[in-house]
Amino acid sequence: EWAVKPVGSEYWKEPCCQSCPVPGSPVEDNWVWSRQGLVNMHLPERWGFLQFADARVNKTKAVKNLQWPLRSIAAAIYYAEHAYYSSPSLGNGTFTSDVTLLQKAPAAPPVPIPHALDGTCSRLPEIQVGEDGQTFVATVTSRDGKMTASITNDRYLTVQG
């Protein structure tokens, strides 16, 4: 969000951050109600949850998103693939179907989930890479086999089950 100042009959952007550690800093003011870790609202895997209820505050049991573990693992695969792709010593401009190589990729924030790629939290991910190495589709299935998440190299994420 940018502050604006009137200049004649127009409004001009005036960087003036009010949520920064130093209020009034001459930078863009980015704030959200749930921490995302990056200045980028286009990362749905990092959005918070808001639960509405009719009961009094703290008297309602939290509703769990049963898809969340698989969505998080799929996002971890996405970031690991892109870290691998960007690494001159690993992918050097290509994606991989080898999960063990993804485990060697540089830390893949913003979703560093311990055991995300080793089959502890889900079945081992299955990754199909396009012939030219420029695309991938990764699929991860819940331990009980009832739910499957798929994510592509452009972050398109779907969950079934």
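Residues numbered from 1 in each chain as written. Predicted model: local features only at pLDDT ≥ 70, side-chain atom pairs only at ≥ 80, totals over all residues. Heavy atoms only, no water.

*Asks:* Summarise the overall build of the protein chain; cite the residues concerned and give the values.
*Replies:* For the protein chain, the helix and strand inventory stands at 2 helices and 6 strands. In summary, the protein chain has a C-alpha radius of gyration of 20 Å against a globular reference of 15 Å for 161 residues, an excess of more than 25%. In terms of overall dimensions, the protein chain has C-alpha extents of about 60 × 50 × 25 Å along its principal axes. Within the protein chain, the fraction of its 161 residues that count as buried is 30%. (Helix = DSSP H or I, 4+ residues; strand = E, 2+ residues; numbered from the N terminus. Rg over C-alpha atoms; globule rule 2.2 N^0.38 Å. Buried < 20%, exposed > 50% of the residue type's maximum accessible area, 1.4 Å probe, protein only.)

*Asks:* Got a sec to walk through unusual backbone geometry? Specific residues and values, please.
*Replies:* Not every positive phi belongs to a glycine, and asparagine 92 is a case in point at roughly 50 degrees. As for its position among the elements, asparagine 92 is in the loop between α1 (68-86) and α2 (99-104).

*Asks:* Could you give an account of the pairing of strand β1 (residues 3-7), naming the residues involved and the relevant values?
*Replies:* Inspection of the sheet shows β1 paired to strand β2 (residues 10-14) by 5 bridges, in the antiparallel sense. What sits directly across from valine 7, in β2, is glutamate 10. Between β1 and the antiparallel strand that follows it, β2, lie 2 residues; glycine 8 among them carries a positive phi value of about 65 degrees. (Pairing = 2+ DSSP bridges.)

*Asks:* Requested: an account of the nonpolar core, with residues and values cited.
*Replies:* Ranked by size, the top nonpolar core spans 26 residues in total, and within it Ile77, Leu117, Ile127, Phe136 and Val140 carry the most contacts. Those elements that place two or more of their residues in this core are α1, α2, β4 (136-141) and β5 (148-152). It is α1 that contributes the most residues to this core, 11 residues altogether. Setting aside its immediate chain neighbours within four residues, leucine 117 contacts Ile77, Ala80, Val99, Leu102, Gln103, Leu124 and Pro125. (Core = buried A, V, L, I, M, F, W, Y, C linked by side-chain atoms within 4.5 Å. Contact = heavy atoms within 4.5 Å.)

Purely geometric stuff here, so don't read any function into it on its own.
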